[in-house]
Amino acid sequence: KTYIWIIEDKNNNSIGQIRFQKLDEEFYDIDIYIVRDNRKMGIASKALSLAENKAGVKPLRAIFNNNNNTSRVFFLKNGFKINLENKSFIQLVRN
């Protein structure tokens, strides 16, 4: 099962997307993207909260390259915990 939303600004311009996708029995994987000019404004955190409340899915899992510090900071700030980490990728989860 997949949930996807387009994130729009106050002028109805598309500025990103968020997706929850059930790829295994345990987790919904999360993918979130905000266009560069709209980052660092709290939009991704707000979108995550709204989408999670609307879909009602748990637990969530984020997987990304280990050198992606922006994603690491974002997900940790939003209550995710490191579940697995190696030289290539990091996996964070939130129940």
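Above: the structure in question.
A brief look at the structure comes next. (Residues numbered from 1 in each chain as written. Predicted model: local features only at pLDDT ≥ 70, side-chain atom pairs only at ≥ 80, totals over all residues. Heavy atoms only, no water.)

1. With respect to the nonpolar core
- Among the nonpolar cores identified, the biggest contains 22 residues, and Ile-18, Phe-20, Ile-30, Leu-48 and Phe-75 are the most heavily contacted of them.
- Those elements that place two or more of their residues in this core are β2 (14–22), β3 (28–34), α1 (43–55), β4 (60–65), α2 (69–77) and β6 (89–94).
- Looking at this core element by element, the count peaks at five residues for α1. (Core = buried A, V, L, I, M, F, W, Y, C linked by side-chain atoms within 4.5 Å. Buried < 20%, exposed > 50% of the residue type's maximum accessible area, 1.4 Å probe, protein only. Helix = DSSP H or I, 4+ residues; strand = E, 2+ residues; numbered from the N terminus.)

2. Section: the pattern of salt bridges
- Applying the stated criterion across every chain, the model contains six salt bridges.
- For Asp-24, the salt bridge is made with Arg-61, and the minimal N-O distance between the two is 3.1 Å. Highlighted residues: Asp-24 in the loop between β2 and β3 and Arg-61 in strand β4, separated in sequence by 37 residues.
- Taking relative accessible area as the criterion, Asp-24 reaches 28% and is therefore assigned partly exposed. (Salt bridge = Lys/Arg side-chain N within 4 Å of Asp/Glu carboxyl O.)

3. Section: the side chain of Glu-52
- By the element assignment, Glu-52 lies in helix α1.
- With near-sequence residues (within four places) excluded, Glu-52 lies in contact with Phe-20, Val-57, Lys-58, Leu-60 and Arg-94. (Contact = heavy atoms within 4.5 Å.)

4. Describing the sheet that holds β6
- Spatial ordering of the open sheet is given by β1-β2-β3-β4-β6-β5, a layout of six strands whose pairing is mixed. In this open sheet, the two edge strands, each paired with only one partner strand, are β1 (2–8) and β5 (81–85). The average angle at which neighbouring strand axes cross in this sheet is 25°, direction not considered.
- Bridge count between β1 and β2: seven bridges; the pairing is antiparallel. Paired with Tyr-3 across the bridge in β2 is Phe-20.
- Packing of α1 onto the sheet brings it into contact with β1, β2, β3, β4 and β6, and relative to β2 it is tilted by some 40°.
- Sitting on the sheet, α2 is in contact with β3, β4, β5 and β6, with an inclination near 160° to β4. (Pairing = 2+ DSSP bridges. Axes fitted to C-alpha atoms, helices over the stretch in contact; angles between N-to-C directions.)

5. Details of the packing of aromatic side chains
- With the rule as written, the count across this model stands at six aromatic pairs.
- Seen from their ring centres, Tyr-3 and Tyr-28 are 6.2 Å apart, and the 50° between their planes marks the pair as tilted. With Tyr-3 in strand β1 and Tyr-28 in strand β3, this pair connects stretches of sequence that are 25 residues apart.
- Aromatic pair Phe-75 and Phe-80: ring centres 5.0 Å apart, planes at 70°, arrangement edge-to-face. (Phe/Tyr/Trp six-rings, centres within 6.5 Å; stacked < 30°, edge-to-face > 60°.)

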